[in-house]
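# Remarks on the overall topology
Residue strings, one per chain:
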Amino acid sequence: MEFAELIKTPRVDGVVLHRPFMPTVEGTLCLTGHHLILSSRQDNTEELWLLHANIDSIEKRFVGSLGTIIVKCKDLRVIQLDIPGMEECLNIASSIEALSTLDSVSLMYPFFYRPLFEVIEDGWQLFVPEEAFKDLESMTDEWRLSEVNKDFSVCPSYPSLLTVPKDIDDESLCKAASFRHGGRFPVLSYYHKKNGMVMMRAAQPLTGTNGRRCKEDEKLINATLCAGKRGYIIDTRTIAVAQQAKARGGGFEQEANYAQWRRIHKAIERSNVLQEGLIKLVEACNDQSHSMDRWLSKLEASNWQSNVKEILTTACLAAQCIDREGASVLVHGTEGTDSTLQVTSLAQIILDPACRTIRGFEALIEREWLQAGHPFQQRCAQSAYSNGKPRSEAPVFLLFLDCVWQILRQFPCSFQFNENFLIMLFEHAYASQFGTFLGNSVAERLKLLLSQKTVSLWSWVNRPQELERFLNPLYEPNNLVIWPSVAPQSLLLWEVPLQMHEMPKEHMDCEISMC
Amino acid sequence: MEHIRTPKVEQVKLLDRFSNKSVTGTLHLTATHLIFVESNSTSAQEIWILHHHIASVEKLSLKTNGCPLLIQCRNFRLVHFVIPRERDCHDIYSSLLRLLRPVSYDELYAFSYNPKQNDQQREEGWQLIDLAAEFERMGVPCDQWQLTDVNREYKVCKTYPRDLYVPIMASKPIIVGSSKFRSKGRFPVLTYFYQEKKAAVCRCSQPLSGFSARCLEDEHMLQAISKANHNSRYIYVMDTRPKLNALANRAAGKGYENEDNYSNIRFQFVGIENIHVMRGSLQKLLEVVGTRSLSMTDYLVGLENSGWLRHIKAIMDAAIFLAKAVTVEGASVLVHCSDGWDRTAQVCALGSLLMDPYYRTIKGFMVLIEKDWISFGHKFADRCDQLDPDPKEVSPIFTQFLECVWQLTEQFPQAFEFSEWFLIQIHEHVHSCQFGNFLGNSQRQREDLQLKERTYSLWAHLLSEKQNYLNPVYSPSFAESHPVLEPSTQAYHFKFWRNMYHQYDRSMHPRQSILKHVLTLKDSNRELEGTVQALKTKLQKFSVSTSPLKPQTPPRERSLPPRPQSLILGAPLLSRKEVQQEEDEEVFGEEAMEDAPAITGGERTVEGSSATENGYGELMGSFGSKNEPGAVTLEFGVARMTC
């Protein structure tokens, strides 16, 4: 398909751009296959380069012959374009609409983007499971790297290489996989060097209403416990939700069959509820009434901060079990691709100082989100402004970043990166010139040939010139476990992604240099 | 000392407010302080509580481990002791009841506090703030405004200062006439002069207009204020009360200005609630944030129901209105409420702070407080409960002002020379009665008490430790480019002031402080610059040219730059000598230290960061899971984890 067919009017002069907290710019609007560009064609003035993929929805308004398009972005920015001429305006609007709702992944910008920089270190090769396993091997010999999923038939959302207990053979893994939702059998997520305790993650067991059990599954997770030790299963759902899941073939580990484990239920919301929360939160932030009571009640009704608190609390609990109780932990929810990953990745940030460096954090995202099969493409297809009916969109990753930001605020000297780094990840998860967040699993990414056809976000981020603005000048490495406070008074609203403030200057630069 | 029956009790438990932690120590009762010394020898924390800071003492019913004593402080500290013997507890309780209710001014700490200064130093301290010089700085007296001696003997208004500034055109009979028509004689006087537009901010109390009364002198007075400003044909009269309250006042012969009687005024209600509503609101707020294991929903709903932030926003909105009227329209504004010493003080002070960068400096902020609060008779003694109080008079009016300033520092981090710790420290001392500044209800009363002779000034004390209160990102050039602050009035820009209301609940604070870190870096930077300078001088002595610069290895013996004494909080580095104020050097972070054997000296522990303190949920609960097999709960502690 030619993009040109969708572009009815490629160029309009005399367009005025309004952005919050910034002076208006008048210039020429150009539409290309992937970008909306506004340039005043003068030196030293801001240009706008907006990926169509970043556009969540648009609104048109007309006053006489002057048309106005309000562009609402997935990264929650809102901009306004005043376009002289009704026809031009309508053409631009319908072109944007068409271009921003292309369904085919292969038409996405990352497949067309050619970097203007030389790729010195290929991000696609940076964080391979074999390397992570080498680190593990240097600490313990209890684990092995299994190729049971090498053709993704055992679990389509898992990577081809998985870390499992040494004593469990591939056959048992297959059986355990058939007992877990989506084939996501328990695998290693984190090894706590200090005391040798581990965190594993999985999906819910398929006990169903008649209490099915699976000896291999039991054996698999018991293999991670030392003799006489007990572990914790952290189920991210409430007991009521977990009970209900039985009717649909899911369920939770019965005490009788998992005698060495204690189950703790937490109450992290399911992803569709989180999406509603984001929509309500953004609405509340855009409410111009300025009434304090209204703001607080809307903020409360969005449940956003409650979600942050619950996720963070659960992660702290997991970390506490591992570090303070000296017990191993298995984390799961329903599918094991959302709340589970929030918890396991945050717990690692609390426990492992390596995750608080830039490289370490990138590795964590790669390990616990991308390779672990968080369905980025589904979750980030739409954002808070979309008019479309939500399918499986949810701000799961944004909430994770929010929680990281909360910890960063409480330990401002313990992270190598700053807030900009988190914002950058948020933006790229929703729309990017890089292929990193495309697809929903390792299998999908392989099929799309992303590593050959697109550039990795890490190839760009890790260049010294880019890294500079993500570095935290207050960083002083420490080897401590950092326990954040989860009291509501200690948790703040993360305002920057919500566009409640002027963007820091460096952020604007980023917008330009990225394109 | 006669009130102290038991000066020392041992084996007292101090319970943490938000977790199940407790420490054991000894409780001492002195004439001025209640002191708790932890018995643990390695990290013996001390808590010093000034009697004046105690708002209430409560003896709870006897428990198996002793008798609980709950002490609530005006600086929002809450301590919970358990005293083994009921008798000791009762002794402490009854002594405290007496000690926290001084019956005469002489009993206040300020009259016994002695920082070992001579008389001259003390006098110099009191001379630091000079309001005449302040009016001069604003450009007053001038061709339109003059100093009047009408209140030299406090004859016209007992609660005003001696020196007052009025329009040239306001003759003595007009002043006296106007004062008779104003509640408590508080006639319109100048409090801030915006030189650029010659616009004035004046303050007064409500007129005694009732339903129809009028007063020609008062009308002339307002006319004179209006005429003194050629930029604008009208003046704004801001009644800071809700309209309903003002209407109700008419029945009592008070009320508000009738626009028909006063020419060229624009009358405006701004709707700040009265002292009783504010007191109730703070109480509700403290109740909510004092709840253990508070959920986010209860927190946000409680925050809303308390109305606290709504009130803060109302004050801010009023100040913004004032600043806009003056700086944009160039109009003069007359502000009043009922008596003109609460809401009026808040709005005038905050409005001036928005208009004048000087008030955003450390010295300027002191001047502002001295002017709009102390000299114009905000009733600190009554509002802050200094002497055998009327509970109906107590109200957090000044606290609200400090909070509004804090909200501004959050919106304009570069605009203020001071950090929030300056505000918090002032708040401490408004209640501590350790310095003379805030004692009494009016200037006249302060003179009667001979405070300048018998007590010390807080401002000298604060200036002496100025470096503790500096804002490291303060930019004077920002002040130059933004002389007038235009804060956002979006509700979401108003936040809960954790460091004020939870100052002593350290488990809630960030575990590392950016503020402190930057201050330390700046310090060591200065030190290193000094070293560079010294080395350069040395080189010159040996007549070696200092350029071109070669990388030099620093001398071996130079130690590393000093680290922050404690990374916790932004709490200023406290000078040891004033240990009386900053009592508790609570040492947290032992747990964090275990985790880091490689790190020496505990210098870099991330303090306060412990899993136990935060209570992440079930692990903290009791082992009561038998009846509900689904939700397994656990007792914290490895020892009990035998399964």
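Residues numbered from 1 in each chain as written. Chains lettered and ligands numbered in written order. Predicted model: local features only at pLDDT ≥ 70, side-chain atom pairs only at ≥ 80, totals over all residues. Heavy atoms only, no water.

## Things to note about the layout of surface pockets
All names here are of chain A. Put simply, the test is: A 1.4 Å probe that fits into a set of points on a 1 Å grid over the protein atoms alone but cannot get out defines a cavity; an open set with protein on both sides within 12 Å along at least five of seven lines defines a pocket, and lining residues are those with an atom within 4 Å of a point. Grid points are joined across faces, edges and corners, and a volume is the space filled by probe spheres set on the points. Think of it this way: any DSSP run of H or I at least four residues long counts as a helix, any run of E at least two long counts as a strand, and we number them from the N terminus. Side-chain classes follow a simple rule in which Ala, Val, Leu, Ile, Met, Phe, Trp, Tyr, Cys and Pro form the nonpolar group, Asp, Glu, Lys and Arg form the charged group, and the remainder, Gly included, forms the polar group.
Estimates place the volume of the second largest pocket at around 1,100 Å³. Considering the residues around the second largest pocket, the lining is formed by 40 residues, among which Ala132, Asp135, Gln348, Asp352 and Arg367 are closest to the centre. Listing elements by their share of the lining of the second largest pocket, those giving two or more residues are helix H2 (129–139), strand E9 (162–165), strand E10 (187–192), helix H9 (339–351) and helix H10 (358–370). At 7 residues, the largest contribution of residues to the lining of the second largest pocket is made by H2. A class-by-class count of the residues in the lining of the second largest pocket yields 22 nonpolar, 7 polar and 11 charged.

## Observations regarding the UniProt feature "binding site: substrate" (unreviewed entry) in chain B
Residues and elements named next belong to chain B. Note the following rule: UniProt positions are given in the numbering used here, feature names are shortened, and annotations may be inferred rather than shown by experiment. Any two residues having at least one pair of non-hydrogen atoms within 4.5 Å are treated as being in contact. Two N or O atoms form a polar contact when they lie within 3.5 Å of each other; inside protein one atom must be a possible hydrogen donor and the other a possible acceptor, and for residues adjacent in sequence the pair counts only when both atoms belong to side chains.
UniProt annotation of "binding site: substrate" (unreviewed entry) refers to Asn274, Ile275, Cys337, Ser338, Asp339, Gly340, Trp341, Asp342 and Arg343 when read in the numbering used here. Spanning 70 residues, the annotated positions come together in the fold, the maximum distance between their C-alpha atoms being 12.2 Å. Structurally, cysteine 337 is set in the loop between strand E14 (332–336) and helix H10 (343–355). In this structure, cysteine 337 is in contact with Cys204, Ser205, Gln206, Asp239, Thr240, Arg241, Asp342, Arg343 and Thr344, ignoring residues within four places of it in sequence. Its place among the elements puts aspartate 339 in the loop between E14 and H10. With sequence-adjacent residues up to four places away left out, aspartate 339 is seen in contact with Ser183, Lys184, Arg186 and Ser205. Within polar-contact distance, the side chain of aspartate 339 engages the side chain of serine 183 at 3.2 Å.

## Regarding the sheet that holds strand E13 (residues 261–265) of chain A
All names here are of chain A. Spelled out, the test is: Between any two strands, pairing holds if DSSP finds at least two bridges. Axis angles are defined between N-to-C directions and span 0 to 180 degrees, where every axis is a line fitted to C-alpha atoms and, for a helix, only to the segment in contact.
Read across the sheet, 5 strands follow the order E10-E11-E14-E12-E13 without closing on themselves; strand pairing throughout is mixed. At either end of the open sheet lies a strand with only one pairing partner, and these are E10 and E13. Between one strand and the next, the sheet's axes are offset by a mean angle of 20°, whatever the strand orientation. Inspection of the sheet shows strand E12 (residues 231–235) paired to strand E14 (residues 329–332) by 4 bridges, in the parallel sense. The partner of tyrosine 232 across the bridge, within E14, is valine 329.

## Examining the packing of aromatic side chains
We describe a pair of aromatic rings using the distance from one ring centre to the other and the angle between the two ring planes. Residues and elements named next belong to chain B. Our working rule: Only Phe, Tyr and Trp rings take part, Trp by its six-membered ring, and two of them pair if their centres are within 6.5 Å. Stacked means planes under 30 degrees apart, edge-to-face means over 60, and tilted covers everything else. Each residue gets one of three labels from its accessible area relative to the maximum for its type: buried under 20%, exposed over 50%, partly exposed in between, using a 1.4 Å probe on protein chains only. Sitting over a ring, as applied to charges here, requires NZ of Lys or CZ of Arg to be within 6 Å of the ring centre and within 35 degrees of the ring normal.
For the structure on display, the rule yields 56 aromatic pairs over all chains. Judged by centre distance (5.9 Å) and plane angle (80°), the ring pair of phenylalanine 438 and tryptophan 459 falls under edge-to-face. Of this pair, phenylalanine 438 sits in the loop between helix H14 (420–432) and helix H15 (443–448) while tryptophan 459 is found in helix H17 (residues 458–464), placing the two residues 21 residues apart along the sequence. Of the two residues, phenylalanine 438 and tryptophan 459, neither departs from the other in class, the shared state being buried. A cation over a ring is seen here: arginine 122 above tyrosine 456, with NZ or CZ 5.4 Å from the ring centre. Lying over the aromatic face of tyrosine 234, arginine 266 brings its terminal NZ or CZ to 3.7 Å of the ring centre.

## Some thoughts on a negative patch on the surface
All names here are of chain A. The test is simple: Within this analysis, patches are made of residues with over 30% relative accessible area and no salt bridge. Like charges are joined at 9 Å or less; nonpolar side chains (Val, Leu, Ile, Met, Phe, Trp, Tyr) at 5 Å or less. Method for areas: the Shrake-Rupley scheme with a 1.4 Å probe, in which residue coverage is limited to the protein chains shown. Throughout this description, the term salt bridge denotes a Lys or Arg side-chain nitrogen within 4 Å of a carboxyl oxygen of Asp or Glu. A residue counts as positive if it is Lys or Arg and as negative if it is Asp or Glu; His and the chain ends are not included. To locate a charge, the coordinates of NZ of Lys, CZ of Arg, CG of Asp or CD of Glu are taken.
Negative charge collects at one region of the surface, where Glu137, Asp141, Glu142 and Asp167 lie side by side. Among the structural elements, glutamate 137 can be located in helix H2. Looking at glutamate 137, the relative accessible area reads 48%, which means it is partly exposed.

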